[in-house]
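Results of the structural survey
Read off the chains here:
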Amino acid sequence: MTFVIQTSSFRLERRRRSPLAEGIRIALIGRPNVGKSTLANALLGEDRMLTSPEPGTTRDAIATPFVWKEREYRLIDTAGLRKKARIDEKIEQMSVGETIRTVREAHVCVLVLDATTMLENQDLQIARLATEEGRAIVVCLNKWDLVEDAQAALRKLRDRMEISMPQVEGVIFVAVSALHGRKLDALMEAVVTAHERWNTDLPAAKLNRWLAGVTQAHPPPLVRGLRPRLRFCRQVSTRPPTIALFGSKMPDLPGDYQRYLINSLRDTFELPGTVIRLQLRASKNPYVEER
Ligand SMILES: Nc1nc2c(ncn2[C@@H]2O[C@H](COP(=O)(O)OP(=O)(O)O)[C@@H](O)[C@H]2O)c(=O)[nH]1
Ligand SMILES: [Mg+2]
C-alpha cells in the first residue's frame with residue numbers, strides 16, 4: 001500500500017519558509033575516534049568548532065548553524081566535537097550523561113561508525129540512547145575510503161543492525177568519507193528523509209483502516225481465556241510518531257503483538273528506520289473518541 005503523506009511534507013514546507021525556522025537540529029554521536037569532529041568540520045566547511053565556548057564555561061549543548069544546499073541546519077556542539085588542542089583528553093571522551101543531553105537537544109541523531117571496525121557494543125549502546133529518546137536516526141559509515149570489500153562490510157552491518165536494533169528497522173545507512181568530504185550530500189539527504197518520517201502525521205481514517213485489516217489478519221492472542229479487543233486508534237503525537245490504541249483488555253496486549261503492530265505500521269505507512277510508539281488506552285465505548 002503506498003500513498004503520499006501530505007500532512008508532514010506540508011508542515012515541513014511551512015517550517016522551511018518561516019523566517020524563524022532554525023532548521024533541523026543534528027547531533028553527531030559515536031565512540032571516540034570514529035570521525036565526529038572531522039565530519040563536523042566537513043559539514044561546517046571550516047574549523048567553526050574553534051569558536052565554541054571554552055570547556056568549563058558551560059557544559060550545556062549549543063547549536064552551531066550551518067547551511068547545506070541552501071537549507072539551514074544546526075549542529076549540536078559538544079566537547080567531543082571540539083578540537084583536541086582546546087580541551088583535554090578527559091572531556092574529549094563523551095560521557096553517557098553528555099550523550100544523553102546531546103541526543104535530547106537533537107531532532108536527528110547521526111550515529112557515526114568507523115567502517116573499519118563497525119558495530120561494536122559501545123556503538124549499540126549509544127544508538128540505543130537515541131532510540132530510547134525517540135530521536136530520528138541515520139547511520140553514517142565513516143572512513144569508507146579505508147574499506148576494501150564494500151559489499152561484505154554493508155552485509156555485516158545490515159545483519160548486525162537487524163538483530164541488535166529491530167526498533168529502527170530499515171534505518172538509512174550512508175557510507176561517507178569525512179576526511180575527503182565524500183558522500184556528504186547523501187548523508188544530508190538521509191537526515192532530511194529521517195526527519196520527515198519522524199514528523200509524519202497519519203490521518204485517522206487511514207490508521208483505522210490499517211487497524212481493521214491488521215487485527216483481522218492476525219487477531220490479538222487470548223490472555224487468560226479472554227481476547228484483548230482493539231477498537232480504534234489515532235496518532236496523538238509526532239516526533240516520533242505515537243499512536244494511541246483504544247480497546248478492552250489493553251494492559252494484557254502481549255509485547256510480541258505490540259511489536260507486530262509497530263512493524264506493520266512501519267511497513268504500511270512507509271516509515272522505515274523510525275521509532276514508532278504505541279500508547280495503550282482503555283475504552284469501553286468505541287464511539288466516544290471517534291470523529
Ligand atoms: N581515512 C579516514 N580517516 C578519517 C576519516 N574521518 C576521520 N578520520 C580520522 O580519524 C581520526 C579521528 O577523527 P576525529 O574526527 O578526531 O574523531 P572523533 O573522536 O569521533 O571526533 C583522525 O585521525 C581523523 O583524521 C575518514 O573519512 N577517512
Ligand atoms: Mg572529536
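Along each chain, numbering runs from 1 in the same order as the chain's sequence is written. Note on labels: chains are lettered from A, ligands numbered from 1, in written order. A pLDDT threshold of at least 70 governs which residues receive local features in this predicted model, and a stricter bar of 80 or more applies before side-chain atom pairs are shown or counted, although totals over entire chains, interfaces and linings include all residues.

Quick notes on the overall build of the protein chain
In plain terms, the rule: What counts as a helix is a DSSP run of H or I of at least four residues, what counts as a strand is a run of E of at least two, and both are numbered from the N terminus. Burial is judged by counting the other C-beta atoms within 10 Å of a residue's own C-beta: 20 or more makes it buried, 12 or fewer makes it exposed, and any count in between marks it as partly exposed, with every C-beta position built from the backbone. Here, residues touch in the contact sense if the C-beta positions derived from the backbone fall within 7 Å of one another.
What the protein chain contains, in helices and strands, is nine helices and nine strands. Counting the 291 residues in the protein chain, one finds 34% classified as buried. Considering only residue pairs separated by 6 or more positions, the protein chain has 72% of its internal contacts joining residues 24 or more positions apart.

What to know about the sheet that holds strand 3 (residues 71–77)
The condition that has to hold: Pairs of strands are assigned from DSSP output, requiring at least two bridges between the strands. Axis definition: a line fitted to C-alpha atoms, over the contacting stretch in the case of helices. Angles run 0 to 180 degrees between N-to-C directions.
Strand order across the open sheet formed by six strands is 2-3-1-4-5-6, with mixed pairing between neighbours. The two strands at the open ends of the sheet, each matched to only one other strand, are strand 2 (62–68) and strand 6 (173–175). When strand polarity is set aside, the average angle formed by the axes of neighbouring strands in this sheet is 30°. Both strand 5 (residues 136–142) and strand 6 contribute to a ladder of three bridges, which runs parallel. Among the inter-strand pairings, Cys140 is bridged to a residue of strand 6, identified as Val174. Helix 2 (residues 36–44) rests against strand 1 (24–29), strand 2, strand 3, strand 4 (108–114) and strand 5 of the sheet, and its axis sits at about 50° to strand 2.

Quick word on the site of ligand 1
Heads up, the rule is: By definition, a residue lies near a molecule or strand provided its backbone-derived C-beta atom is within 6 Å of it. Under the convention adopted here, Pro, Cys and the residues Ala, Val, Leu, Ile, Met, Phe, Trp and Tyr are nonpolar, Asp, Glu, Lys and Arg are charged, and Gly plus all remaining residues are polar.
Looking at ligand 1, there are 16 residues lining it, with Gly35, Lys36, Ser37, Thr38 and Leu179 nearest. Examining the composition of the shell around ligand 1, we find that three residues originate from one element, helix 2, more than from any other. In terms of residue class, the shell around ligand 1 is built from five nonpolar, eight polar and three charged.

Describing the packing of helix 4 (residues 96–105) against helix 5 (residues 121–132)
The cut-off we apply is this: Between 65 and 115 degrees an angle is taken as roughly perpendicular, under 35 as roughly parallel, over 145 as roughly antiparallel, and anywhere else as oblique. Each helix crossing is assigned a hand: it is left-handed if the near helix lies turned anticlockwise from the far helix by less than a right angle, otherwise right-handed if that turn is clockwise.
Axis separation between helix 4 and helix 5 bottoms out at 9 Å; the angle between their running directions is 40°. Put simply, helix 4 runs oblique to helix 5. In the crossing of helix 4 with helix 5, the sense of the turn from one axis to the other is right-handed. Two secondary-structure elements touch here, helix 4 through Thr99, Ile100 and Val103 and helix 5 through Ile126, Leu129 and Ala130. Residues of the contact of helix 4 with helix 5, tallied by class, amount to five nonpolar, one polar and no charged.

Digging into the nonpolar core
Going by this rule: By convention in this section, buried Ala, Val, Leu, Ile, Met, Phe, Trp, Tyr and Cys residues joined through C-beta atoms within 7 Å make up a nonpolar core. Either an automatic procedure or a domain database provided the assignment from which the domain bounds are taken.
Core analysis: the biggest nonpolar cluster contains 64 residues, and Ile26, Val110, Leu111, Val138 and Cys140 have the highest contact counts within it. Shared between two domains, this core takes at least three residues from each, and those domains are domain 1 (6–198) and domain 2 (204–282). Not counting residues up to four positions away in its chain, the partners in contact with Cys140 are Val110, Leu111, Val112, Leu113, Val174, Val176 and Leu187.

Observations concerning helix 7 (residues 184–198)
The condition that has to hold: Helix span is expected to be 1.5 Å times the residue number reduced by one.
Look at helix 7: 21 Å from first C-alpha to last across 15 residues, which is about the 21 Å you get at 1.5 Å a residue. Every buried residue of helix 7 is accounted for by Leu187, Met188, Ala190, Val191, Ala194, His195, Arg197 and Trp198. Where the residues of helix 7 are buried, they touch strand 1, strand 2, strand 4, strand 5 and strand 6.

Quick word on the sheet that holds strand 9 (residues 277–282)
An order of 7-8-9 is seen for the three strands of this open sheet, with the pairing classed as mixed. Every other strand in the sheet has two partners, leaving strand 7 (229–237) and strand 9 as the edge strands with one partner each. The mean angle between the axes of side-by-side strands here comes to 25°, regardless of whether they run parallel or antiparallel. Along the sheet, helix 8 (residues 204–217) makes contact with strand 7 and strand 8 (242–248), crossing strand 7 at roughly 145°.

A look at the environment of Arg158
Tracing the chain through its elements places Arg158 in helix 6 (residues 150–164). For Arg158, a count of 12 C-beta atoms within 10 Å corresponds to the exposed category. Separated by twelve residues in sequence, Arg158 and Gly170 place their C-alpha atoms 9.1 Å apart.

Considering the pairing of strand 3
In terms of strand pairing, strand 1 meets strand 3 through three bridges, oriented parallel. Residue pairing across strands places Ile24 opposite Tyr73, the latter belonging to strand 3.

Some words on the confidence of the model for the protein chain
Which entries qualify depends on this criterion: Think of pLDDT as the predictor's per-residue confidence, scored from 0 to 100.
On average, residues of the protein chain carry a pLDDT of 83, and 79% of them reach 70 or more. Per-residue pLDDT stays below 50 along residues 49–60; that stretch engages in 15 contacts with residues further than four places along the chain or on separate chains.

Here's the deal with the pairing of strand 9
For a regular strand, side chains alternate in direction, first toward one face of the sheet and then toward the other. Formally: We call a crossover right-handed when, viewed with the strands running away from us, the connection from the first strand over the helix to the second turns clockwise.
Pairing of strand 8 with strand 9, which is carried by six bridges, proceeds in the parallel orientation. Residue pairing for strand 9: Thr242 is matched across the bridge by Arg277. Note on the crossover from strand 8 through helix 9 (residues 255–268) to strand 9: the handedness is right-handed.

Digging into helix 5
Put simply, the rule is: When we speak of the arc, we mean the arc of directions from the helix axis to the C-beta atoms.
For helix 5, with twelve residues, the first-to-last C-alpha span of 16 Å sits near the 16 Å given by 1.5 Å per residue. Looking only at helix 5, the buried set comprises Asp123, Ile126, Ala127, Ala130 and Thr131. One face of helix 5 carries all of its buried residues, which in axial projection span an arc of 140°. Exposed residues on helix 5 whose side chains face more than 90 degrees from its buried face are Asn121, Gln122, Gln125 and Glu132. Check the buried side of helix 5 and you find it contacts strand 1, helix 4, strand 4 and strand 5. In the segment just after helix 5, Gly134 is the residue with positive phi, at about 70°.

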